[in-house]
Amino acid sequence: MSRLRGSLPSAHSRPLFSPCLLLTNPALRLILSENTAGKEEFLMSYDKVKQYFDEAGAGDKVLTFSVSSATVELAAKAVGCEPARIAKTMSFLTDDGPILIVTAGDVKIDNHKYKEAFHQKAKMIPREEVETDIGHAPGGVCPFAIKDGVRVFLDDSLKRFDVVYPAAGNENSAVRSEEHTSELQSHTQISYAVFCLK
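Residues numbered from 1 in each chain as written. Predicted model: local features only at pLDDT ≥ 70, side-chain atom pairs only at ≥ 80, totals over all residues. Heavy atoms only, no water.

A. The arrangement of the overall build of the protein chain in detail. A tally of regular secondary structure across the protein chain gives five helices and eight strands. When the helices and strands of the protein chain are listed from N to C terminus, the series reads α-β-α-β-β-β-α-α-β-β-α-β-β. In the protein chain, buried positions account for 48% of the 198 residues. Within the protein chain, contacts between residues separated by at least 24 positions form 66% of all contacts whose residues are at least 6 apart in sequence. Accessible surface computed for the protein chain: about 10,100 Å², of which carbon and sulfur atoms make up 50%. (Helix = DSSP H or I, 4+ residues; strand = E, 2+ residues; numbered from the N terminus. Buried < 20%, exposed > 50% of the residue type's maximum accessible area, 1.4 Å probe, protein only. Contact = heavy atoms within 4.5 Å. Areas by Shrake-Rupley, 256 points an atom, 1.4 Å probe, with all protein chains shown as cover.)

B. Here's a closer look at the environment of Thr 132. Structurally, Thr 132 is set in helix 4 (residues 130-134). Residue classification places Thr 132 among the exposed residues on the basis of a relative accessible area of 51%. Note: C-alpha distance between Thr 132 and Lys 147 (15 residues apart in sequence) is 8.9 Å.

C. How the structure looks around helix 2 (residues 72-79). Among the residues making up helix 2, those that are buried are Val 72, Ala 75, Ala 76 and Ala 78. Along helix 2, the residues classed as buried sweep out an arc of 165° about the axis, all on the same side. Exposed side chains of helix 2 directed beyond 90 degrees from the buried face belong to Glu 73 and Lys 77. Packing partners of the buried residues in helix 2 comprise strand 2 (88-94). (Arc of directions from axis to C-beta.)

D. Representation of the packing of aromatic side chains in the model. Tallied over the entire structure, the rule returns four aromatic pairs. Arranged with centres 5.3 Å apart and planes meeting at 85°, the rings of Phe 53 and Phe 144 form a pair that is edge-to-face. Highlighted residues: Phe 53 in helix 1 (residues 37-55) and Phe 144 in the loop between helix 4 and strand 5 (151-155), separated in sequence by 91 residues. Judged by relative accessible area, which is 0%, Phe 53 ranks as buried. Three or more aromatic residues joined by ring pairs form one cluster here, namely Phe 92, Tyr 114, Phe 118 and Phe 153. (Phe/Tyr/Trp six-rings, centres within 6.5 Å; stacked < 30°, edge-to-face > 60°.)

E. Representation of the layout of surface pockets within the structure. Approximately 460 Å³ is the volume attributed to the largest pocket. Lining the largest pocket we find 25 residues, and of these Ala 70, Lys 88, Thr 89, Gly 139 and Val 141 sit closest to its centre. When residues of the lining of the largest pocket are traced back to their parent elements, those giving at least two are helix 2, strand 2 and strand 6 (173-175). Sort the elements by how many residues they give to the lining of the largest pocket and strand 2 lands first, with four residues. (1 Å grid on protein atoms, 1.4 Å probe; cavity = no way out; pocket = protein on both sides within 12 Å on 5 of 7 lines; lining within 4 Å. Points joined across faces, edges and corners; volume = space filled by probe spheres on them.)

Purely geometric numbers; function is a separate question.
Dropping the structure here:
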């Protein structure tokens, strides 16, 4: 599959895809009581991601751990890879709504490049609002099974690797993402831009 390059999409264009599968149908939300909402919704995020990969015949790509994978360093230890291969997913709020930028684990967002792309300063979504805006709680944010209208962008730093590991909806999971394998190509549309310092 060819890689799309060039200008970024408008606010009304279809979200850019992630290095693996992206759930495109609306994610169902579970109505929970006050006493159980926090814990059960957090677990539901993983369940939605896992269900989609299972239905796509790629359920074995979803990994679970007995230890936390909530940060790049912890995820790298849990997976057993270098930190750079952890695909961290950061949430920002733009004038056109919330977005996700997926980067390699060893780079940082460059404010100048971000402003060139979105014509405004980078503003991360407050931690307590991430789950409401994106569909996943901090520590498990990923580009899968997210809320409708959330646009996803990939940083060029991911292109160094044939395998990367984004989260899978909670802080004890990851997805082994092999963007070039034939089993994923039919589900994947890859497009990159440059948002980070090298």
